[in-house]
Amino acid sequence: MDFNSILKEEQNLDPQNWEESRAQAHRMLDEAFDLMQNVHKHPVWQKVPDSTKELAKKNIPKEGQALSEIYDEFSKHIFPYVKGNIHPRFWAYVQGTGTPTAVVADMLASAMNSNVTIGEHSAMYIDEQVINWCKEMMGFAPEASGMLVSGGSMANITGLIVGRNFKTNSTIRQKGMKAHNKQMTIYCSTETHSCVLKGGEIIGIGSDFIRKIEVNKDFSMNIEKLKETLALDIENGYEPMCIIANVGTVNTGAIDDIDAINAICKAHDIWFHIDGAFGALAKLTPEYKDKLKAIEQSDSIAFDLHKWMYMPYEVGCVLIRNKDVHRSTFGLNPSYLMAHEKGLAAGPDPLNNYAIELSRGFKALKVWMCIKEHGYAKFRGLIRQNIAQAFYLESLIRDSKELEMIVPVTMNVVCYRFYDSILDEEQLNNLNKEILMELQERAIASPSSTILNGKYCIRCAIVNHRSTKADFEDLVKQSIGIGKEILKDQ
Ligand SMILES: *Cc1c(COP(=O)(O)O)cnc(C)c1O
């Protein structure tokens, strides 16, 4: 092998012309800010054109290309066809809006390129500080532990793993599931998010042993059914591992009776996990503070900062009440990660002792900067604003002759449909699906859909700091208009 010639002409990935690159980067940042500042003038959604799909099929380029050209391609084919969740008229799924400051924070975090897992460097301390702020928000004690992860799914799965290991006194780490002589069971309502069910499968419980408890009229877990199922399982020799409470179900924003679930968990020594992906943040508001107080009693809670804290993707959080259990679940000390008395390896306890992941980005920076910039009271105000908007939208729907609510609003999710007594359920379902698709295709608004008790409904999950009252007024007007239009054409 002759590598000598290579070393005569060493290369790197930095720009050849820093000034040109800097100017180009400034243009790119300006246009990112233009997009955010003027987003309300853009369509909330538009179909991705064939030209973009063609671009995305090209093979890996062998030779390089000027950044300005690449950026032109991006501006033409990629940038305009956004999903829309930065837009004030977006209420589909549960997707946060993002903030301009977070864009810059992400850029700075990339410039630092810190791998926030081990070592004595600033990002380790800021990451920890953000976790401490999350504990404060949820009323967890300072001794609790936590981790910023990619989102609610990872946060839920992490909580379940810790709970499972706690139940097996961590022997599972050496012996695996098979050595655990009892079949463990998990309890959650039928309205529980699919990622939690996936989590139960991933940790080796098996979907047959995830007991999906039926719900009440308001889509919260039926506690009597929970008690019955639990008693029967105990009688039959199963080992109840965890009860998962929803604080804000994905379909309707329903809140399970967390006081009752907490009491049952404590009485039976069962891990109490909460999926509070978006709803847990309502704990910040005076209206929901008391109802959500029992969050403080949970063993683990998962919630997202990229939903109702309006951060750009990705950032979620899991908190674990018992730090020792958390560490004993994930702690490992390989020789290449050894802590030292001084130097780079003298930092805090490496974070991979608390996580599935080893390498982690500095996603804490955007959270840190935005919370400092606005203060947490501002976030509380925006969360309240979204709740107020949901109730306002509900009132508009109830006041209209043509629309009906499918379930009363409990927090920030609104499920409604166009209704006409001459139509049967199937026709209503088809009509409402058509209305939803037209709302999106005409770039009026982007709600999404769900099915509740067999009824197709148009669903708005409001976690958007840019929406205004007028946006919801127009949504109602246009839903009615499109519905009538379709009926007339039939
Ligand atoms: C969004 C959501 C999840 C999943 O969170 P991701 O951040 O998308 O992984 C889990 N549970 C509920 C209730 C959700 O709304």
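Residues numbered from 1 in each chain as written. Predicted model: local features only at pLDDT ≥ 70, side-chain atom pairs only at ≥ 80, totals over all residues. Heavy atoms only, no water.

1. With respect to the environment of Gln24
Then, number 1: By the element assignment, Gln24 lies in helix α2 (residues 18-37).
Then, number 2: A relative accessible area of 4% places Gln24 in the buried class.
Then, number 3: Considered as a pair, Gln24 and Tyr71 are 47 residues apart in the sequence and their alpha carbons are 8.8 Å apart.
Then, number 4: Filtering out sequence-adjacent residues up to four positions away, Gln24 remains in contact with Leu67, Ser68 and Tyr71. (Helix = DSSP H or I, 4+ residues; strand = E, 2+ residues; numbered from the N terminus. Buried < 20%, exposed > 50% of the residue type's maximum accessible area, 1.4 Å probe, protein only. Contact = heavy atoms within 4.5 Å.)

2. Details of the site of the ligand
Then, number 1: The local shell around the ligand holds 15 residues, among which Gly152, Ser153, Asp275, Asp304 and Lys307 are the closest.
Then, number 2: At 2.7 Å from an oxygen atom of the ligand is found a side-chain nitrogen or oxygen belonging to Asp304.
Then, number 3: The element that contributes the greatest number of residues to the shell around the ligand is helix α7 (residues 152-167), accounting for three residues.
Then, number 4: Taken together, the residues of the shell around the ligand break down into five nonpolar, seven polar and three charged. (Near = heavy atom within 4 Å. Polar contact = N/O pair within 3.5 Å; in protein donor to acceptor, adjacent residues only side chain to side chain. Nonpolar A, V, L, I, M, F, W, Y, C, P; charged D, E, K, R; others polar.)

3. Focus on the pattern of salt bridges
Then, number 1: Applying the stated criterion across every chain yields a total of 21 salt bridges.
Then, number 2: The closest approach of N and O atoms between Arg417 and Glu425, which form a salt bridge, is 3.0 Å.
Then, number 3: Residue classification places Arg417 among the buried positions, given a relative accessible area of 1%.
Then, number 4: Residue Glu438 is joined to Arg442 by a salt bridge in which the shortest nitrogen-to-oxygen separation is 2.8 Å.
Then, number 5: The class of Glu438 is partly exposed, set by a relative accessible area of 22%.
Then, number 6: Looking at Arg442, the relative accessible area reads 36%, which means it is partly exposed.
Then, number 7: Salt bridges here are not isolated pairs; linked through shared partners, they connect Arg89, Asp471 and Asp474. (Salt bridge = Lys/Arg side-chain N within 4 Å of Asp/Glu carboxyl O.)

4. Brief notes about the environment of Leu436
Then, number 1: Among the secondary structure elements, Leu436 is positioned in helix α15 (residues 425-441).
Then, number 2: Along the chain, Leu436 and Cys457 lie 21 residues apart, while their C-alpha atoms are 8.9 Å from each other.

5. Focus on a negative patch on the surface
Then, number 1: Where like charges cluster on the molecular surface, the negative patch consists of Asp30, Glu31, Asp34, Glu69 and Asp72.
Then, number 2: Elements with a minimum of two residues in the negative patch: α2 and α4 (67-78).
Then, number 3: Looking at the negative patch element by element, the count peaks at three residues for α2.
Then, number 4: Note that Asp34 resides in helix α2. (Patch = residues over 30% accessible without salt bridge, like charges linked within 9 Å, V, L, I, M, F, W, Y side chains within 5 Å. Areas by Shrake-Rupley, 256 points an atom, 1.4 Å probe, with all protein chains shown as cover. Lys, Arg positive; Asp, Glu negative; His and termini not counted. Charge placed at Lys NZ, Arg CZ, Asp CG, Glu CD.)

6. Some thoughts on the pairing of strand β10 (residues 448-452)
Then, number 1: Judged by which residues are buried, β10 turns out to be one-sided: Ser448, Thr450 and Leu452 face inward and are buried, whereas Ser449 and Ile451, on the alternate face, are not.
Then, number 2: Connecting β10 to the antiparallel partner strand β11 (residues 455-461) that follows it, the hairpin turn spans two residues, and Asn453 within it adopts a positive phi of roughly 50°. (Pairing = 2+ DSSP bridges.)

7. A word on the nonpolar core
The nonpolar side chains of a soluble globular protein tend to be buried with one another.
Then, number 1: Ranked by internal contacts, the top residues of the largest apolar core, which has 100 residues, are Phe303, Leu305 and Trp308.
Then, number 2: Among the elements that line this core, the one with the most residues is helix α6 (residues 122-138), at nine residues.
Then, number 3: With sequence-adjacent residues up to four places away left out, Trp308 is seen in contact with Phe278, Gly279, Leu281, Ala282, Ile383, Asn386, Ile387, Met411, Asn412, Ile462 and Val463. (Core = buried A, V, L, I, M, F, W, Y, C linked by side-chain atoms within 4.5 Å.)

8. Regarding the sheet that holds strand β8 (residues 403-405)
Then, number 1: A sheet is described by the order of its strands in space; here four strands give the open sequence β8-β9-β11-β10, paired in antiparallel fashion. What marks the edges here is a single partner per strand, and that holds for β8 and β10. Strand-to-strand, the axes of this sheet are offset by a mean angle of 40°, without reference to chain direction.
Then, number 2: Examined bridge by bridge, β8 and strand β9 (residues 413-418) share three bridges and lie antiparallel to one another. Within β9, the residue paired with Met405 across the bridge is Tyr416. (Axes fitted to C-alpha atoms, helices over the stretch in contact; angles between N-to-C directions.)

9. Side note on the pairing of strand β5 (residues 271-275)
Then, number 1: By the criterion of burial, β5 is predominantly enclosed, with five of the five residues buried.
Then, number 2: Bridge count for strand β4 (residues 239-246) against β5 is five bridges, and the pairing is parallel. Across the sheet, Ile243 pairs through a bridge with Phe272, a residue of β5.
Then, number 3: In terms of handedness, the path from β4 via helix α11 (residues 258-268) over to β5 forms a crossover that is right-handed.
Then, number 4: Pairing analysis gives three bridges linking β5 to strand β6 (residues 300-304), with the strands arranged parallel. Looking across to β6, one finds that His273 is bridged to Ser300. (Right-handed = clockwise from strand over helix to strand, strands pointing away.)

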